[in-house]
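Per-entry structural report
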Amino acid sequence: MIRTFQFGDLKITGITEFFGPTHDPTVLYPKYDPAVVEKEKSWLVPDHYHPDLKRLYIAINIWVVQTHDRIIIIDTGVGNRKKRVGIDRMDQLNTLFLTWLAAAGVQRDKVTDVINTHLHLDHVGWNTMLVDGKWVPTFPNARYYIPEREYNHFVGSRKNGVDLDGGSLEDSVFPVEAAGQLQLLTDEKHLFDLFEIVQAPGHTPGMINLWFKSGGRQGVFCADIFHHPLQIVRPDWNTLYCMLPEDALKTRADFLKKAEETKAVFFPCHFVLPHAGTIKHNGNSYEYVPLTTTQL
Ligand SMILES: [Zn+2]
C-alpha cells in the first residue's frame, strides 16, 4: 500500500510494509474489554477488526517526507531478511519495499535523513540491507537520527544482559554507527527547521514525536502513541509493549488533548488505510476521524 498526501509544501507518503489481522486484543491490551469492540463495531469492522478471527488489523507503516531539499524517512519498518526468532510474521521478511519507495519517487541514494522515533525492531529494519552477507546502510548518503535517551537505554540494557531489541541493534543500528552515519539526538528541540521534537516517553523510555506545520496546518508523526484506533476511544489501554505504563498513559492523554486542540493530522505507524487522521472529542473520550488523501 502506498498513499501520498500533499500537506502544504510537503509531500508525505505512507508505505505499508505489511498488514493483517495479526493481533489478539486480549493479548495486546491487558485491560481489553470485548464489550468495547462490540459497542464500536460499526466503524471497527471490517477495516480495523476481524470479527470471526477476533483479531485486530495492524499495519507496519514507513513514512517518507519530501521537502524542497530533503527526503526524510521516519521509521523504517521490519526490513528484509532479518532473523526475528519467535515472531513468525516478521522473521526473514522479503517485501518489495525499495520498489515501492521508488514508485513514490524516491531512490535510496537520494534519501537525506532517516529518523528512528524509537528502537523497537519494527521501526529500524530498513536502516540496513543485506549485501554480500553484510548489513550495510540502505541509504548510503543519509544521516540517521536516534534519540540519545533511547539509544542509551537499549544499548545499556544489552550490556546488562537484557535483550530489548530482538537482535535489531546488531543488524540495524550498529552497522549505521560503524559507517559513521549515526547522529544521536540529545537536547535538540527542532530538526531541519521543520520538526519540533517532543519527548513521548512510555511506550519506550526515549520515544519522540515530530510535530510540524505546513500550509498553515498542524501535523504530527506520532510513532507508537497508539497501535490501533481503539486506543483513541480507550486511551487508558496500554499495550503489553509499553515499557513505562504510567508514562505511556500520561503521554497518550497529553497527545490527544494537544492533537484535538490543534486539529493536527496525525501519522501513526500501525494504523491500516488511510493511515492518517484527526482526533475529535466524543463525550468523555475521543473519536478517530480517518482522512482520505483528498481530504487534506
Ligand atoms: Zn511499533
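Further up the page is the structure itself.
In this report, the structure presented in the accompanying data block is examined. (Residues numbered from 1 in each chain as written. Predicted model: local features only at pLDDT ≥ 70, side-chain atom pairs only at ≥ 80, totals over all residues.)

Points about the overall build of the protein chain
Let me state the cut-off plainly: Note on conventions: DSSP H or I runs of at least 4 residues are helices, E runs of at least 2 residues are strands, and numbering of each starts at the N terminus. Here the globule rule reads 2.2 Å times residues to the power 0.38, and the radius of gyration is calculated from C-alpha atoms. Remark: C-beta atoms are placed from the backbone, and a residue is labelled buried if 20 or more other C-beta atoms sit within 10 Å of its own, exposed if 12 or fewer do, or partly exposed between those counts. Residues are defined as contacting one another if the C-beta atoms placed from their backbone atoms lie within 7 Å.
Per the secondary structure count, the protein chain includes 7 helices and 17 strands. Whereas a compact globule of 296 residues would reach a radius of gyration of roughly 19 Å, the protein chain reaches 18 Å, a difference of no more than 12%. Seen through its C-alpha atoms, the protein chain measures out along the principal axes to roughly 50 × 45 × 35 Å. Among the 296 residues that make up the protein chain, the fraction classed as buried is 44%. Sequence-distant contacts, at least 24 apart, represent 67% of the contacts inside the protein chain between residues at least 6 apart.

Remarks on the pairing of strand β7 (residues 128–131)
The condition is simple: Any two strands with at least two DSSP-identified bridges between them are counted as paired.
Pairing of β7 with strand β8 (residues 134–137) involves 4 bridges; the strand directions are antiparallel. Across the sheet, the residue bridging to Val131 is Lys134, located in β8. Here β7 folds back onto β8, and the loop between the two strands holds 2 residues, one of which, Asp132, carries a positive phi near 50 degrees.

A few points about the environment of Arg158
Mapping Arg158 onto the fold places it in helix α4 (residues 148–159). Spatially, the C-alpha atoms of Arg158 and His203 are 18 Å apart, while their sequence positions differ by 45 residues. With residues near it in sequence (within four places) discarded, Arg158 still touches Asp163 and Leu169.

Notes on unusual backbone geometry
For residues that are not glycine, phi is negative in most cases, and the peptide bond is trans in most cases. Cis geometry is adopted by the peptide bond preceding Pro46, which originates at Val45 and carries an omega value of 10 degrees. Locating Pro46 in the fold gives a position in the loop between α2 (34–44) and β3 (49–50). Positive phi, close to 50 degrees, is recorded for Gln92, a residue that is not glycine. One can find Gln92 in the loop between β5 (71–74) and α3 (97–103). Gln92 gets classed as exposed once you count the C-beta atoms within 10 Å, which come to 11.

Regarding helix α7 (residues 245–262)
The α-helix winds at 3.6 residues per turn, so residues separated by three or four positions along the chain end up facing the same way. This is how the line gets drawn: To estimate the expected span of a helix, count its residues, drop one, and scale the result by 1.5 Å. The arc in question is the one traced by the directions running from the helix axis out to the C-beta atoms.
For α7, built from 18 residues, the straight-helix expectation of 26 Å at 1.5 Å per residue is met to within 8% by its first-to-last C-alpha distance of 26 Å. Of all the residues in α7, the buried ones are Ala248, Thr251, Arg252, Phe255, Leu256 and Ala259. Looking straight down α7, one finds its buried side chains confined to an arc of 135 degrees; they lie on one side. Structural note: α7 exposes Glu246 and Glu261 on the side pointing more than 90 degrees away from its buried face. Where α7 is buried, its residues meet β14 (217–221), α6 (230–233), β15 (265–267), β16 (277–282) and β17 (285–290). Looking one or two places after α7, you find Lys263, whose phi comes out positive at around 55 degrees.

Observations concerning the pairing of strand β9 (residues 143–147)
Within a regular strand, side chains alternate between the sheet's two faces. For β9, the tally of buried residues reaches 4 of 5 residues, placing the bulk of the element in the interior. With 3 bridges connecting them, strand β6 (residues 113–115) and β9 associate as parallel partners. Paired with Ile115 across the strands is Tyr145, a residue of β9. By the bridge criterion, 4 bridges tie β9 to strand β10 (residues 182–185) in an arrangement that is parallel. Along β10, the bridge assignment pairs Tyr145 with Gln183.

Remember, this is a structural readout, not a statement about activity or role.
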